[in-house]
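Each chain is listed here by its residues.
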Amino acid sequence: MQIEITVNGTTESHDVEARTLLVYYLRDAVGLKGTNIGCDTTSCGACTVLLNGQSVKSCTVLAAQVAGDEVTTIEGMALEDGRMHPVQQAFQECHGLQCGYCTPGMVMAITSLLAENPEPTEEYIRLGLEGNLCRCTGYHNIVAAALAASGAPEMHQ
Amino acid sequence: MSILGNRVLRREDPKFLTVGGTYVDDLALPGSVHVTFVRSSMAHARIVSVDSTNVQAMPGVIAVYTNDDLGLAKFPTVMGMTNEAMAPSMLASGTVRYVGEPIAAIVAESREIAEDALEQVVVEYDPLNVVIDPVRARTDEDLLFPDAGTNTSFSLDFGGDETLFDDCDVVVELELVNQRVAPCPLEVRSAAAHMSEDGRLEFNSSTQAPHGVRDALATFLGLEPDQVHVVTPDVGGGFGAKAAVYPEDIVVGWCALKLGRSVRWTETRSESMLGLGHGRAQVQHVRIGGTREGVVQAYRIEVLQDSGAYAGFGTVLPFMTRVMTSGPYKIPKAECASVSVVTNSTPTTAYRGAGRPEATAAIERIMDVFAREIEMDPAELRRRNLIGKDDFPYTTPVETLYDVGDYHRALDLALEVAGYDELRAEQARRRAAGDVRQLGIGLSCYVEITNGLPDGEFGAVEVRPDGKVIVRTGTSPHGQGHVTAWSMLVAEQLGVAIEDIEVVHGDTDIVPRGAGTMGSRSLQIGGAAVNQAAVDVVEKAKDLAAGLLEADREDIVLNKAKGNFHVVGTPAVSRSWAELAAAAAKDGNPLFAEVDLASPGPTFPFGTHISVVEVDTETGKVNLLRHIAVDDAGRIISPLLAEGQVHGGIAQGVAQALLEEVVYDLEGNPLTSTLADYSFISAAELPSYETRFTETPTPVNALGAKGIGESGTIGSTPAVHNAVCDAVAHLGVRHIDMPTTPIRVWNAINDAATGDGSAKGGR
């Protein structure tokens, strides 16, 4: 079936099987490989993207379900002037990534968390990231990055 | 000013943060076909038949292969030490020995067709008796390999000194389970292969050791190593489990050769939980003896190692446990003996620490039990027995030579950061008040071996006429940040900006040799090789500069601030790196140096971790409040990366102590084969950590550096474990096995209350 989704501001239209999950639509049909797959039980959050500005696990959404909606992936996060988004920037400054596999999902999840709560506590971030797994960083610097990003002026405009 | 020791941000990050990494499954490989594996649903059975008639007829299915079709040799023994009869074949041959074992490979035009085809293969099994418990395996009542006549895959029979504990006033014993855990890198196993136009096998692998993959493919497929080209793109974590070559890798290569097509394979997470090697899996019997004044005189550990279904790397983990038998303590008499056995479970392998966390867990746990027995503070007992800083180099009773250390300093700093006395006072207050939430304080003093294998490492540095520097390394990072760290080392030697340095790794054509990244070896041997190559390039550049400046070779100096060479005293006339490289190129020589650095031997990082937990005595729930880590890995080149390594290690240690365990039922069915069932630790269960470094440079290598990749896990696991046991010790609980889940803690408290003082916590 033909599915039209706005991905990172561009309208995409692809003919896919009805059973196609959003993550495969993004990776295989659109060709954006930044969104990763880490499990098959909606547990790890590596595939987290923004759907109309809110984080979802793209392995748990059918592409057909979100026809006509707006999806943002890691490739669409940079600011208009080309600089990294404050959350991306905070990840580098705080050493919030190692192997990088969970990173796109983490960045999207944190962006969504900060949109809901611009002045979060550490506990809020930790509970909010329960569905995003990382094996490398011990989460310490991911949480630090989220808190640092929440203080960035761009996040409060 | 030196760049080394500064907080340099990672050069790797912008790509990962803006478009994501390029992992094997991300590679565009047009026209490639997909491999999936039919896996055993039985833990132990004779294969009666594999019927793929339905599959062969499915549109889009290209081929189905069983082990007989492959005609490949079995895997060799591990370092010549393991039982030869227990080596795995590529695909199950006649008998399956664990759930998840590959039986047949299906090749299809798409991933979807391959997965649909899986459902259509009918395997008929004739069940055999299942052996899951390694204690039962050791009885040889049911054999996994009747031809071998035993389930024992490997043993280390040292010591057996009957008089070991004769002089001890106090002797305590403990039996503990160092449970099986899953390494769980976020990226699962993945490989892709095709034949190049000139007939070479091109292979992409998610591995920690690309040259090992190259050599294994060449050996099994009957090719020369130079007929195989392995490229390792970004790798989403390994933790030891991707240091091994797996049967699936070889089968993917074989399919590309056989079909002449581009072939790819990426397992699912549920497959990975059964196919990627598991870690730990030891049962330990430990005994310690000493005086009532807290002088430890003797220690013995007996290890029963679960190899899983075949004798792979996990089989020889006790070798590394034995090396670290007596830990950081000056114990006059210490012994380690071990037996490894096969069971009907996923084969075990290296997992962050690989044998050393198990050694530390054993001695640190029984140090606490001993302290309680003689009514001494556990920190004081440790202080009295740590090897003194003037005792190095120190040879332990099992003949391990520790390089250098200041163990007391790490202990003292950890106690100070923790506010140990105040914590004990708060604990006493809660105990006296009978609070529901009791406080537990756990210590772990550790020392571990890094760069423990004999391999050397390759490093090369080339300066190009455009002034760019190309660094090639035989190590293979998968999150460690070698691009940044090796750039720092080369920038320091050459006086060039790190932005002008490109670090190449993981391509066996560009990097001719390499042992890879495992065992906390990379900086001290791979970084040291790159560092040496940089030193050599500077020397070559001085030769060139002497010619160009018509000066004495001995008078040429490198101005590192400007990245140019001049005659001492006349900085105005100089030659830049680019000019020298251009001059060399004109003569037909690159400005280049390569080094095959032989291993100067292992180093021994050490430290003290302190964990503070709160245990709800009504529910058994443990809450980790604080974790203090003082680690000493010698000289720290990159504090950013070193700290990151410690953080990740701590989380994996906490995970083992509190949550994670691979569980099988008695029929060998895995109960933790998805991330929904396996208790992978999350941010919600962890605090931020309090980390400190002390720096005691090692004389073993030029950098003064020791490994830091595994220390966090080795130090943290027993600290958390001891903290949980400490929180409920006053209630009469002597020991609770890991993971200290609420049900186990609750059972232990209740068993103690009902008078069963030996309570270990229900399993």
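1. A few points about the overall build of chain A
Looking only at helices and strands, chain A has 5 helices and 5 strands in total. For chain A, the sequential pattern of α-helices and β-strands runs β-β-α-β-β-β-α-α-α-α. Its C-alpha atoms give chain A a radius of gyration of 15 Å, near enough to 15 Å, the size a compact globule of 157 residues would have. Overall, the C-alpha framework of chain A stretches about 45 × 35 × 25 Å when taken along its three principal axes. For chain A, long-range pairs separated by at least 24 residues make up 55% of all intrachain contacts whose partners lie at least 6 apart in sequence. Element-wise, carbon and sulfur atoms account for 48% of the exposed surface of chain A, whose accessible area totals about 6000 Å². The centroid of the 7 positive side-chain charges in chain A is displaced by 10 Å from the centroid of its 18 negative side-chain charges.

2. Re the interface of chain B and chain A
Contacts between the two partners involve 53 residues from chain B, matched on the other side by 46 residues from chain A. Run the count over chain B and chain A and you get 4 salt bridges. For A:Arg27, the salt bridge identified is with B:Asp26, shortest N-O distance 2.8 Å. Residue assignment for the side of chain B that touches chain A shows that the elements contributing at least two residues are helix 1 (13-18), helix 4 (111-118), helix 8 (269-275) and helix 17 (639-658) of chain B. Considered class by class, the residues forming the side of chain B that touches chain A number 26 nonpolar, 16 polar and 11 charged.

3. As for the sheet that holds strand 19 (residues 457-463) of chain B
Residue and element names in this part refer to chain B. Here 4 strands make up an open sheet; going across it, the order is 21-20-19-25 and the pairing mixed. The sheet is open, and its two edges are formed by strand 21 (501-504) and strand 25 (591-597), each paired on a single side. Neighbour to neighbour, the strand axes of the sheet diverge by 15° on average, direction disregarded. Looking at chain direction, strand 19 and strand 20 (residues 469-473) are connected through 5 bridges and run antiparallel. Along strand 20, the bridge assignment pairs Gly 459 with Thr 473. Each of strand 19, strand 20 and strand 21 touches helix 14 (residues 482-494); the most contacted strand, strand 21, lies at about 135° to it. The strands touched by helix 15 (residues 522-548) are strand 19, strand 20 and strand 25; relative to strand 25, the strand with the most contacts, the crossing angle is about 145°.

4. Examining the nonpolar core
Buried together is how nonpolar side chains tend to be arranged in soluble globular proteins. Ranked by size, the top nonpolar core spans 86 residues in total, and within it A:Phe91, A:Leu129 and A:Tyr139 carry the most contacts. Leaving out residues up to four positions away in the same chain, A:Leu129 has contacts with A:Met106, A:Ala109, A:Ile110, A:Leu113, A:Ile142 and B:Ala683. Counting residues in hydrophobic clusters, the runner-up holds 55 residues, among them B:Val172, B:Leu386, B:Cys445 and B:Ile628.

5. So, the environment of B:Met376
Residue and element names in this part refer to chain B. Within the element layout of this structure, Met 376 appears in the loop between helix 10 (356-373) and helix 11 (378-385). For the pair Met 376 and Pro 134, spaced 242 residues apart in sequence, the C-alpha separation works out to 35 Å. Beyond its immediate chain neighbours, meaning those up to four positions away, Met 376 contacts Arg 292, Glu 293, Gly 294, Ala 371, Leu 381 and Arg 384.

6. A short note on the pairing of strand 3 (residues 48-51) of chain A
Both faces of the sheet carry side chains from a regular strand, because those side chains alternate between them. Residues and elements named next belong to chain A. Of the two faces of strand 3, both are covered, the one formed by Thr 48 and Leu 50 as well as the one formed by Val 49 and Leu 51. Where strand 3 meets strand 4 (residues 54-57), 4 bridges bridge the pair, whose relative direction is antiparallel. Its bridge partner being in strand 4, Leu 51 is matched across the sheet by Gln 54. Counting the residues between successive antiparallel strands, the hairpin from strand 3 to strand 4 contains 2 residues, one of them, Asn 52, with a positive phi of roughly 50°. The pairing of strand 3 with strand 5 (residues 70-72) spans 2 bridges and is antiparallel. Bridge pairing in strand 5 places Leu 51 opposite Val 71.

7. Some details on the packing of helix 17 of chain B against helix 18 (residues 711-727) of chain B
Residues and elements named next belong to chain B. In contact at an axis separation of 7 Å, helix 17 and helix 18 are set at 40° when each is read in the N-to-C sense. The orientation of helix 17 relative to helix 18 falls into the category oblique. You can see that helix 17 and helix 18 cross each other, and the crossing is right-handed. Contact residues: helix 17 offers Val 646, Gly 649, Ile 650, Gln 652, Gly 653, Val 654, Gln 656, Ala 657 and Leu 658, while helix 18 offers Gly 712, Thr 713, Ser 716, Thr 717, Val 720, His 721 and Val 724. Residue composition of the contact of helix 17 with helix 18, by class: 7 nonpolar, 9 polar and no charged.

8. Concerning unusual backbone geometry
Along the chain, B:Phe392 connects to B:Pro393 via a cis peptide bond; the corresponding omega equals -5°. Looking at the element boundaries, B:Pro393 is found in the loop between helix 11 and strand 16 (394-395). A cis amide bond, omega -10°, links B:Met738 with the succeeding residue B:Pro739. Tracing the chain through its elements places B:Pro739 in the loop between helix 18 and helix 19 (742-753). If you check the backbone angles, A:Tyr139 has positive phi at about 70° while not being a glycine. For A:Tyr139, the location among the structural elements is in the loop between helix 4 (122-128) and helix 5 (140-150). Take A:Tyr139: its relative accessible area is 0%, and that puts it in the buried class. In the Ramachandran plot, B:Glu550 falls in the positive-phi region, its phi being about 50° despite a non-glycine side chain. Structurally, the position occupied by B:Glu550 is in the loop between helix 15 and strand 22 (556-559). Given the relative accessible area of 74%, B:Glu550 is considered exposed.

9. Some points on the sheet that holds strand 26 (residues 606-616) of chain B
All names here are of chain B. Spatially, the 4 strands line up as an open sheet ordered 18-26-27-28, and their pairing is mixed. Sheet topology places strand 18 (437-447) and strand 28 (690-693) at the edges, where each strand pairs with a single neighbour. Strand-to-strand twist in this sheet, taken as the mean axis angle between neighbours without regard to direction, amounts to 10°.

10. Things to note about the domain arrangement of chain A
All names here are of chain A. The domain boundaries assigned to chain A delineate domain 1 (2-76) and domain 2 (86-150). A C-alpha centroid distance of 21 Å is found between domain 1 and domain 2. Interface area, domain 1 with domain 2, both sides summed: about 1200 Å², of which 57% is carbon and sulfur. Of all residues in domain 1, Asn 36, Thr 48 and Ile 74 bury the most surface against domain 2, accounting for 38% of the area lost on that side. At the boundary of domain 1 and domain 2, one finds 0 salt bridges.

11. A few points about helix 10 of chain B
All names here are of chain B. Across its 18 residues, helix 10 extends 26 Å between first and last C-alpha, which sits within 8% of the 26 Å expected from 1.5 Å per residue. Within helix 10, 16 of the 18 residues are buried, which leaves the element mostly enclosed by the surrounding structure. Glu 375 sits one or two positions beyond helix 10 and adopts a positive phi of about 55°.

12. Regarding a negative patch on the surface
Residues B:Asp161, B:Glu162, B:Asp166 and B:Asp167 make up a contiguous surface patch of negative charge. Take B:Asp167: it is sitting in the loop between strand 7 (152-156) and strand 8 (170-181).

13. Some thoughts on the packing of aromatic side chains
Residues and elements named next belong to chain B. Per the stated rule, a full pass over the model turns up 11 aromatic pairs over all chains. Taking 4.8 Å as the distance between ring centres and 85° as the angle between the ring planes, the aromatic pair formed by Tyr 65 and Trp 254 counts as edge-to-face. Separated by 189 residues along the polypeptide, Tyr 65 in strand 3 (residues 61-66) and Trp 254 in helix 7 (residues 247-259) bring together distant segments of the chain. Comparing Tyr 65 with Trp 254 shows no difference in burial state: the two are buried. A centroid spacing of 5.0 Å and a plane angle of 55° characterise the contact between Phe 75 and Phe 220, whose relative ring orientation is tilted. Here Phe 75 is found in the loop between helix 3 (67-70) and strand 4 (95-96), whereas its partner Phe 220 is found in helix 6 (residues 210-221), with 145 residues between them in sequence. The exposure class assigned to Phe 220 is buried, which follows from its relative accessible area of 13%. What links up through ring pairs into an aromatic cluster is the set Tyr 98, Phe 145 and Tyr 310.

14. Comments concerning the domain arrangement of chain B
All names here are of chain B. Domain annotation of chain B identifies domain 1 (1-29 + 192-276), domain 2 (31-128), domain 3 (130-182 + 277-385), domain 4 (401-447 + 603-763) and domain 5 (455-597). The centre of domain 2, based on its C-alpha atoms, is set 35 Å off from the matching centre of domain 3. For the pairing of domain 2 and domain 3, the buried interface totals around 1700 Å² over both sides, and the portion due to carbon and sulfur atoms is 67%. Counting every contact that joins domain 2 to domain 3 gives 0 salt bridges. Counting the contacts that link domain 2 with domain 3 gives 8 residue pairs in polar contact (both at pLDDT 80 or more).

Here is what the cut-offs are and how they apply
- Residues numbered from 1 in each chain as written.
- Chains lettered and ligands numbered in written order.
- Predicted model: local features only at pLDDT ≥ 70, side-chain atom pairs only at ≥ 80, totals over all residues.
- Heavy atoms only, no water.
- Helix = DSSP H or I, 4+ residues; strand = E, 2+ residues; numbered from the N terminus.
- Rg over C-alpha atoms; globule rule 2.2 N^0.38 Å.
- Contact = heavy atoms within 4.5 Å.
- Areas by Shrake-Rupley, 256 points an atom, 1.4 Å probe, with all protein chains shown as cover.
- Lys, Arg positive; Asp, Glu negative; His and termini not counted.
- Charge placed at Lys NZ, Arg CZ, Asp CG, Glu CD.
- Salt bridge = Lys/Arg side-chain N within 4 Å of Asp/Glu carboxyl O.
- Nonpolar A, V, L, I, M, F, W, Y, C, P; charged D, E, K, R; others polar.
- Pairing = 2+ DSSP bridges.
- Axes fitted to C-alpha atoms, helices over the stretch in contact; angles between N-to-C directions.
- Core = buried A, V, L, I, M, F, W, Y, C linked by side-chain atoms within 4.5 Å.
- Buried < 20%, exposed > 50% of the residue type's maximum accessible area, 1.4 Å probe, protein only.
- Parallel < 35°, antiparallel > 145°, perpendicular 65-115°, else oblique.
- Left-handed = near helix turned anticlockwise from the far one by under 90°.
- Domains from an automatic or database assignment.
- Buried area = accessible area lost by both parts, 1.4 Å probe.
- Expected span 1.5 Å × (residues − 1).
- Patch = residues over 30% accessible without salt bridge, like charges linked within 9 Å, V, L, I, M, F, W, Y side chains within 5 Å.
- Phe/Tyr/Trp six-rings, centres within 6.5 Å; stacked < 30°, edge-to-face > 60°.
- Polar contact = N/O pair within 3.5 Å; in protein donor to acceptor, adjacent residues only side chain to side chain.

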